[in-house]
Amino acid sequence: MPELPEVETVRRRLEPVLVGRAFERVEIRDPRLTRPFDPAAVAAELEGERVVAFDRRGKYLIVRFESGRVLLIHLRMTGSLRHDDGRVPTPADHHVRAVVRLDDGSDVAYRDVRRFGTWLTVEPGELDPYLEPRLGREPLAGSFTSKRLAEVLSGRRAPVKAVILDQRRLAGVGNIYADEALWRSGIHPQRPAGELSDEETRALHRGIRAALKAGIARQGATLRDYRTPDGGSGSMQDEFKVYGREGEPCDRCGTPIEKIRAAGRGTWYCPACQPNSTTLRK
Ligand SMILES: [Zn+2]
């Protein structure tokens, strides 16, 4: 569930906590987190490493160490990171899969109910070859223009929603922000991606960026498990225009929001603002 805005919120909150600190002790409690690699071996590799940067690419968090080594974290469905400075006792929690003790005595705990998240150590020089085939354009980068989006969509007969969900084409957009972006753009989720006009492509470009930025501004969306690193919740769920709002009136035109299946996912849209044909457009 965490998408770009949730992952970016975690990054922004933890960056000042992590940068400059060393991993003093690392405890990995769940072997699924590091498989196929031995959790004790991964923990031993990480101990003593000092953090020089905490970055994000798509939905990946990237802990960069002084040695050039990297810890690549993917939260998948229900992963979250929590910083505990020891001032308030943290309740025992059997969903905590790993704990890093930093050299200032504080802890960063990784919690994951469904256990799909991953921790992968990447040796110097191996990060780009790992990420490149997996991740497409970064939608909030300055270099991501509507022309770049047009290249992503061009010639594709797949529904536009499927194309913007494809991490290898566009990194970081998931089911929530895809629906929100398409509503903002007035584009039906099942329109063939390659058939969007230049004007629609520009609208989608604006819609994607606006939806993601709105999510970041509200610290992400907390539907179930996502938490900010201080244990708090995001508030984007209160601002959704279509996602999860079946039967509720569209903010723009009052038409009840409908739910369909598109790109294999539950999809919410406004049938009036997002007609399924270019000719029906106002
Ligand atoms: Zn509408």
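See the structure shown above.
Residues numbered from 1 in each chain as written. Predicted model: local features only at pLDDT ≥ 70, side-chain atom pairs only at ≥ 80, totals over all residues. Heavy atoms only, no water.

Peer 1: For the sheet that holds strand β7 (residues 107-112), give the residues involved together with the corresponding values.
Peer 2: If you walk across this open sheet you meet the four strands as β1-β6-β7-β5, and the pairing is antiparallel. Each edge of the open sheet is held by one strand with a lone partner, namely β1 (23-28) and β5 (79-84). For this sheet, the mean angle separating the axes of adjacent strands, direction not counted, is 15 degrees. Judged from the five bridges that link them, β1 and strand β6 (residues 96-102) form a sheet pairing that is antiparallel. When the sheet's bridge partners are listed, F23 is paired in β6 with L102. Together, β1, β5, β6 and β7 form the strand contacts of helix α1 (residues 4-18), whose direction differs from that of β5 by roughly 35 degrees. (Pairing = 2+ DSSP bridges. Helix = DSSP H or I, 4+ residues; strand = E, 2+ residues; numbered from the N terminus. Axes fitted to C-alpha atoms, helices over the stretch in contact; angles between N-to-C directions. Contact = heavy atoms within 4.5 Å.)

Peer 1: Can you lay out the sheet that holds strand β8 (residues 118-122) for me, pointing to particular residues and giving the numbers?
Peer 2: If you walk across this open sheet you meet the four strands as β2-β3-β4-β8, and the pairing is antiparallel. The sheet is open, and its two borders are formed by β2 (51-57) and β8, each paired with just one other strand. Taking the axes of each pair of neighbouring strands and ignoring which way they run, one obtains an average angle of 20 degrees across the sheet. When strand β4 (residues 70-74) meets β8, the two strands line up antiparallel, connected through five bridges. Counted as the bridge partner of I73 is W119 from β8.

Peer 1: I'd like to hear about the pattern of salt bridges, residue by residue, with values.
Peer 2: The tally for this structure, following the rule as stated, stands at 26 salt bridges. Notably, a salt bridge pairs R56 with E8, separated by 2.8 Å at the nearest N-O pair. Of this pair, R56 sits in strand β2 while E8 sits in helix α1; the two residues are 48 residues apart in sequence, bridging distant segments of the chain. The pair R56 / E8 is uniform in exposure class, with both members buried. In this structure, the salt-bridge partner of R69 is E49, at a minimum N-O distance of 3.1 Å. One end of the pair, R69, is in the loop between β3 (60-65) and β4; the other, E49, is in the loop between α2 (39-46) and β2, and 20 residues separate them in sequence. Residue R69 is classed as buried on the basis of its relative accessible area of 17%. Under the relative-accessibility criterion, E49 is labelled buried at 8%. (Salt bridge = Lys/Arg side-chain N within 4 Å of Asp/Glu carboxyl O. Buried < 20%, exposed > 50% of the residue type's maximum accessible area, 1.4 Å probe, protein only.)

Peer 1: Hey, could you go over the side chain of T78 for me, with residue numbers and the actual values?
Peer 2: Relative to the assigned elements, T78 resides in the loop between β4 and β5. One polar contact links the side chain of T78 to the main-chain amide nitrogen of R114, over a distance of 2.9 Å. If we skip the residues at most four places from it in the chain, T78 touches R111, D112, V113, R114, R115 and D225. (Polar contact = N/O pair within 3.5 Å; in protein donor to acceptor, adjacent residues only side chain to side chain.)

Peer 1: Describe in detail the environment of P39, supporting the description with residues and values.
Peer 2: Take P39: it is sitting in helix α2. Put simply, P39 and A98 are 59 residues apart on the chain and 9.7 Å apart in space, counted from C-alpha to C-alpha. Those residues in contact with P39, other than ones at most four positions away along the chain, are I28, P31 and T34.

Peer 1: Can you tell me about the coordination of the zinc ion, naming the residues and giving the values?
Peer 2: Around the zinc ion, the donor atoms from the protein are C250 (SG), C253 (SG), C270 (SG) and C273 (SG), and they sit 2.2 to 2.3 Å away. In this structure, the zinc ion is surrounded by four donor atoms whose angles at the metal cover 102 to 112 degrees, and the resulting shape is tetrahedral. Expressed as a motif, the donor residue spacing for the zinc ion is C-x2-C-x16-C-x2-C. (Donors = N, O, S within 2.8 Å, 3.2 Å for Na, K, Ca; no water. Tetrahedral: all angles 85-135°; square planar, octahedral: opposite > 155°, others 65-115°.)

Peer 1: Give me unusual backbone geometry: which residues, what numbers.
Peer 2: Cis geometry is found at the peptide bond from R35 to P36, where omega equals 10 degrees. Topologically, P36 is positioned in the loop between β1 and α2. Even without a glycine there, the phi angle at R115 is positive, about 65 degrees. As for its placement among the helices and strands, R115 is situated in the loop between β7 and β8. For A263, which is not a glycine, the phi torsion comes out positive at approximately 55 degrees. Relative to the helices and strands, A263 resides in the loop between β9 (258-262) and β10 (265-269).

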